[in-house]
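Coordinate analysis (summary)
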Amino acid sequence: MNQIHMALMLAVTAFVTVTSLVLGLSRMLSRRSLMRRRLDQTEVWTGQMTPTLTSGQGDSTGEQQSPLIQIRDTWVQAVGRMQKGARGRKLRLQLQRAGLALTAEEYTAFLVAALLGSGLAVYVLLQSIQTAAVAAAIVWLGARTQLQRKARLRAKAFDGQLAEALNMLSNSLKAGYSFFQAMDVVSKEMDAPLADEFRSVIRETSVGMDVGDALQGMAQRINSEDLDLVITAVLIQRQVGGNLSEILERIGGTIRERVRLRGEVKTLTAQGRISGLIISLLPLAVGAFVMTVNPEYVTLLFRDPIGRLMLGMAVIGQIIGAVLIRKVVQIDI
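Keep in mind it's a predicted model, so treat the numbers as computed, not measured.

**What to know about the packing of helix H4 (residues 104-126) against helix H5 (residues 129-174)**
Interaxial distance between H4 and H5 falls to 8 Å at its minimum, and their mutual angle equals 150°. As summarised for this structure, H4 and H5 are arranged roughly antiparallel, according to the angle between their axes. Considering how the two elements wind past one another, H4 and H5 form a crossing that is right-handed. Within the contact between the two elements, H4 uses Tyr107, Leu111, Ala114, Leu115, Ser118, Gly119, Val122, Tyr123 and Leu126 and H5 uses Ile129, Thr131, Ala132, Ala135, Ala136, Val139, Trp140, Ala143, Arg144 and Leu147. For the contact of H4 with H5, the residue count by class is 15 nonpolar, 3 polar and 1 charged.

**Digging into the pattern of salt bridges**
Oppositely charged side chains may form a pair once their charged atoms are brought near each other. This model, assessed by the stated rule, comprises 13 salt bridges. For Lys188, the salt bridge goes to Asp184, with nearest N and O atoms at 3.1 Å. One end of the pair is Lys188 and the other is Asp184, both in helix H6 (residues 179-189) and 4 residues apart, which spans about a single turn. In this structure, the salt-bridge partner of Arg250 is Glu246, at a minimum N-O distance of 2.7 Å. Of this pair, Arg250 and Glu246 both sit in helix H10 (residues 244-268), 4 residues apart, which is roughly one turn of that helix.

**Describing the packing of aromatic side chains**
Taken as a whole and assessed by the stated rule, the structure comprises 1 aromatic pair. Between the aromatic rings of Phe179 and Phe180, the centroid separation amounts to 5.6 Å while the plane-to-plane angle is 75°, which identifies the pairing as edge-to-face. On the basis of relative accessibility, which here comes to 25%, the residue Phe180 falls in the partly exposed class.

The rules we used
- Residues numbered from 1 in each chain as written.
- Predicted model: local features only at pLDDT ≥ 70, side-chain atom pairs only at ≥ 80, totals over all residues.
- Heavy atoms only, no water.
- Axes fitted to C-alpha atoms, helices over the stretch in contact; angles between N-to-C directions.
- Helix = DSSP H or I, 4+ residues; strand = E, 2+ residues; numbered from the N terminus.
- Parallel < 35°, antiparallel > 145°, perpendicular 65-115°, else oblique.
- Left-handed = near helix turned anticlockwise from the far one by under 90°.
- Contact = heavy atoms within 4.5 Å.
- Nonpolar A, V, L, I, M, F, W, Y, C, P; charged D, E, K, R; others polar.
- Salt bridge = Lys/Arg side-chain N within 4 Å of Asp/Glu carboxyl O.
- Phe/Tyr/Trp six-rings, centres within 6.5 Å; stacked < 30°, edge-to-face > 60°.
- Buried < 20%, exposed > 50% of the residue type's maximum accessible area, 1.4 Å probe, protein only.

Set out below in structure tokens:
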């Protein structure tokens, strides 16, 4: 058990260290080349294509790429071949929802580097392939969980800004602005992530993308029911007409009321959520305490077949209880 504990600690440490170093070093070295690529893409969309740099030529200022950048690019290209087709599109959407300025190929390359680094570090220290595999699996699960968490937080922040943005859009339309002029005003006055998404829509439409496709793309990047309602109303208004300012004002009022109700429900269900959290974590805390005080008392459960059966039934019961408690306290509005 001590080896497992050490493996877990090493896996977490290796994941944080390797990922931080790779991401930080990549951003530091590729800031200039990344901006160059984004500008090249924009110029291609607008029909103003510039000469493409070949491998190893450097940028337009005549600067040569460093060997470290060339190694990184080669690694990204080699590992990025795994992200093709539907898998690559799904990962790109997840990265956009999380607000990470990385391509699917770059994220996959960094993740594989973290998996290899953590697995190799655990194997070198503990000389156990199984433990190294467990450490790599923990790193992978941690990366996926962190990606989903960032997407949820970004969508939550967007929802918190949406009502104010709709009020600003409505007032701008009443002042005589067009819809996209009003969106430009909002993108300049509001903070991220809403401002970033509005600017993306403006950029996409300015290079020829259909308005409906641009708005639907924003809805895909932000998994929000409130935003879906707004976009549906805007698209219907563009087809059948109507007072868009009044429509947005009413939707904003509805969203503010839903936010208020969510706050009240969250307050009323706080006791149940805390109870579920305590019930879920208490067996783990007690097991860790007993393992520290008297390891032999607990290791019997892992050695004996009946003990392993009891542990399995306990884990299943814990999962079922946590799911039931979550269903009780989770109320959709």
